[in-house]
Amino acid sequence: MRTARALPWLWFWLCCYADKQEQPRKGLGQECGWAEKGWCDTSLTCVPEIFPKHGETSGPSVCRPVPQSSGCVPCAEVQCPKVKRRCPGGHVTEPCGCCQHCARQRGQVCGGPHWEGGYCGRGLTCTLFLGHAPATPPETGVCKALPGYRVNHRADPHCPWQWGCNIRAGSCDCYGIQTCHKVFLYRSRRDCLNSMHDDWRYAGKTEQEQKAAHGCTKYGCEIQGDECVCMRRSCFSLPPFRFQDDCEKQLEQTRCANVSCPTVPVPSCPPDSFLTAPYTPLHQCCPLLPALCTCAFERCPAEPTDCPPGHRAHIVTRGDGHPGTCCHRYLCRRGEEESATQKREEEED
């Protein structure tokens, strides 16, 4: 009985706590962290003095400059693309820490000055079009699997610190992590608590009762000037486009209706490579980079491990990462010569 009486007071405290207004953006060197301490201003990130473990609340944090990897410029000089509601590879924040966009998929352009070409999705690396090396901005690359080069997308030192919360086991789990990927559903503990409050408030109600409480709304988009504006609206005044992609396509067709792009022949790629997607910069109609052939390293044969007794695998042709000669070619040979594995280990040393 005491617990039941205490619940309304608990929710009163949570609601009052959630209704506190956020403080103004904090400047360089000021203490930050969560809504009660304030968020950092543009081009600054909230960095803990003592790095927290997953699931633990951090100690004091201060606003520090976003790590400026090569090719980055101040965020005030950057025009960010409009954030899409849904992305096939999820949403990411490029390593410069200024813009959110859709993670680039296999074969799409990435990197470039200020990472304007985008950041790759999980399991992919921004790689130079030719060779075996990752692309380092301002170099432009392509997203693909790069053997021997693994990126921990949940702890990437090239990415800014992110803070947020997720609901785990019925409570708000809030922490910080250095990543470019979107890993938090809620930006602050306040948003997380509000969401939990709404879930419990409408739990047990029928679907009709929930619709009556929220009102009948649906998501849609319309063209306003030179951009697509998307929001939830009343079911009785729906915009012409249900999905943002449809709106963006119509806007692009209208913008580029009278533009004639030069015809570029599409190359035929060797079996060890694949064709990349052409790259068209933001608000432009013609591709800046045409479709190109680049190595598909996942198709390269592995070093044989089933050589006959007395034989070892040797590299007879060394791949250079160029289409047509992407992969090493191996052959089992008799003799005491160094194996391909030994040669590779010596080269890495």
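Just above sits the structure.
As the structure is a computational prediction, the values presented were derived from the model and not from experiment. (Residues numbered from 1 in each chain as written. Predicted model: local features only at pLDDT ≥ 70, side-chain atom pairs only at ≥ 80, totals over all residues. Heavy atoms only, no water.)

A. Representation of the overall build of the chain within the structure. Counting its secondary structure elements, the chain contains six helices and 16 strands. When the 349 residues of the chain are sorted by exposure, 37% land in the buried category. A fraction of 47% describes how many contacts in the chain between residues 6 or more apart in sequence connect residues 24 or more apart. Element-wise, carbon and sulfur atoms account for 53% of the exposed surface of the chain, whose accessible area totals about 21,100 Å². (Helix = DSSP H or I, 4+ residues; strand = E, 2+ residues; numbered from the N terminus. Buried < 20%, exposed > 50% of the residue type's maximum accessible area, 1.4 Å probe, protein only. Contact = heavy atoms within 4.5 Å. Areas by Shrake-Rupley, 256 points an atom, 1.4 Å probe, with all protein chains shown as cover.)

B. Geometry of the pattern of salt bridges. Per the counting criterion, the structure on display carries four salt bridges. Between Lys-84 and Asp-245 there is a salt bridge whose closest N-O contact spans 3.5 Å. Placement of Lys-84 in the loop between strand E3 (61-65) and strand E4 (91-93) and of Asp-245 in helix H5 (residues 244-255) is noted, with a sequence separation of 161 residues between them. On the basis of relative accessibility, which here comes to 32%, the residue Lys-84 falls in the partly exposed class. Taking the relative accessible area as the measure of exposure, Asp-245 reaches 38% and is therefore partly exposed. (Salt bridge = Lys/Arg side-chain N within 4 Å of Asp/Glu carboxyl O.)

C. Region of the structure containing the nonpolar core. In terms of nonpolar packing, the biggest core is built from 14 residues, with Cys-110, Trp-115, Tyr-119, Cys-120, Cys-126 and Cys-143 touching the most fellow members. Not counting the four nearest positions on each side in its chain, Cys-120 is found in contact with Ala-103, Arg-104, Cys-110, Thr-125, Cys-126, Cys-143, His-153 and His-181. (Core = buried A, V, L, I, M, F, W, Y, C linked by side-chain atoms within 4.5 Å.)

D. Representation of the side chain of Gln-244. As for its position among the elements, Gln-244 is in helix H5. On the basis of relative accessible area, Gln-244 is assigned to the buried category, the value being 7%. Dropping the residues within four chain positions of it, Gln-244 is found in contact with Lys-82, Val-83, Lys-84, Arg-85, Tyr-219, Cys-221 and Cys-230.

E. Spotlight on H5. In this model H5 runs 16 Å from its N-terminal to its C-terminal C-alpha over 12 residues, within 8% of the 16 Å that 1.5 Å per residue would give. Along H5, the residues that are buried comprise Gln-244, Cys-247 and Leu-251. The arc that holds the buried residues of H5, viewed along the axis, is 65°, so those residues lie on one side. Turned more than 90 degrees away from the buried face of H5 sit Lys-249 and Gln-253, all of them exposed. Packed against the buried residues of H5 are strand E11 (217-224) and strand E12 (227-234). (Expected span 1.5 Å × (residues − 1). Arc of directions from axis to C-beta.)

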